[in-house]
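Chain by chain, the residues:
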Amino acid sequence: KIATPAVQGLQVSLEGDGNTLGLRFRNDSDAPIVVDVGGFPPMTPGPMRARVVVRDAEGQPVSGYLQPTSFPGDPRKGQFVRIAPGESHWLCKYSPAFIPSLINGAGMPMGRLPPGRYTLRAVYECDRDESADVGAEGPALVVRVESADVPVVVPERRAPRSSPSPSPKAEPPSLPAVEKKQ
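Residues numbered from 1 in each chain as written. Predicted model: local features only at pLDDT ≥ 70, side-chain atom pairs only at ≥ 80, totals over all residues. Heavy atoms only, no water.

1. Looking at the packing of aromatic side chains
Stated precisely, the cut-off is as follows: Between the rings of Phe, Tyr and Trp (Trp by its six-membered ring), a pair exists once the centres lie within 6.5 Å; its type follows the angle of the planes, with under 30 degrees stacked, over 60 edge-to-face, and the other angles tilted. Numbering of helices and strands runs from the N terminus; a helix is a DSSP stretch of H or I covering at least four residues, while a strand is a stretch of E covering at least two. Throughout this description, buried means an accessible area under 20% of the type-specific maximum (1.4 Å probe, protein chains only), exposed means over 50%, and partly exposed covers the range between.
Tallied over the entire structure, the rule returns 1 aromatic pair. Ring centres of Phe25 and Tyr124 lie 5.3 Å apart, and the angle between their planes is 85°; on these two criteria the pair is classed as edge-to-face. Placement of Phe25 in strand β2 (residues 21–27) and of Tyr124 in strand β10 (residues 116–126) is noted, with a sequence separation of 99 residues between them. This pair shows no difference in class: Phe25 is buried, exactly as Tyr124 is.

2. Side note on the sheet that holds strand β7 (residues 88–94)
Using the following cut-off: Here a strand pair is declared whenever DSSP counts at least two bridges between the two strands. The angle between two axes is taken between their N-to-C directions and runs from 0 to 180 degrees, where each axis is a line fitted to C-alpha atoms and a helix contributes only its stretch in contact.
A sheet is described by the order of its strands in space; here 3 strands give the open sequence β1-β2-β7, paired in antiparallel fashion. Of all the strands in the sheet, the pair left with one neighbour each is β1 (10–16) and β7. When strand polarity is set aside, the average angle formed by the axes of neighbouring strands in this sheet is 20°. Here 7 bridges tie β1 to β2, and the two strands are oriented antiparallel to one another. Paired with Gln11 across the bridge in β2 is Arg26.

3. Regarding unusual backbone geometry
With an omega of -5°, the peptide bond running from Gly138 to Pro139 counts as cis. The topology assignment puts Pro139 in the loop between α1 (131–134) and β11 (143–146). Residues other than glycine seldom take positive phi values, yet Gln8 does so here, at roughly 50°. Inspection of the secondary structure puts Gln8 in the segment before β1.

4. Structural notes on the pairing of strand β5 (residues 61–66)
Across 3 bridges, the pairing between strand β4 (residues 50–56) and β5 is antiparallel. When the sheet's bridge partners are listed, Val53 is paired in β5 with Tyr65. In sequence, β4 turns back onto β5 through a hairpin of 4 residues, with Gly59 there showing a positive phi of about 85°. Note: β5 against strand β8 (residues 101–103), 2 bridges, orientation antiparallel. Pairing of Tyr65 across the sheet is with Ile103, part of β8.

Structure follows, in structure tokens:
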């Protein structure tokens, strides 16, 4: 866990073990804040406010965003989260070691990351407060916040285990020839 400075009281981080990362919003201010966590269209309505960007071993951006393994499918009004001072809200989980899938900005699958070393960074970007539009508690923070980089390794995919080839079957013992009587 590497903390980055809060922006308008909001801190974003990717935290977990080597197998699963969670996306955490933390209120580092003295007052409650409202965060528009957005959605992953077409699974949930609303703009995609939070995403995990991927860079390859050379630091070059990889097209698409890391697909979450869990994401709350809240209606648009429920995507506005009030966070008390010093408290956190966990948005979703990612499993880069097991499910290294990418999605595009519309939430559609783009394919898998090939094995290798990558850097992940969570980005939260809200450029417009839409809380009043949907009757949600607000106002939502209009801010861009990024997490620290998190290095991950996508392992080589193992070949499917095949059952051992059967040993050659022994021929059944031949039966003595029976002569036909004429």
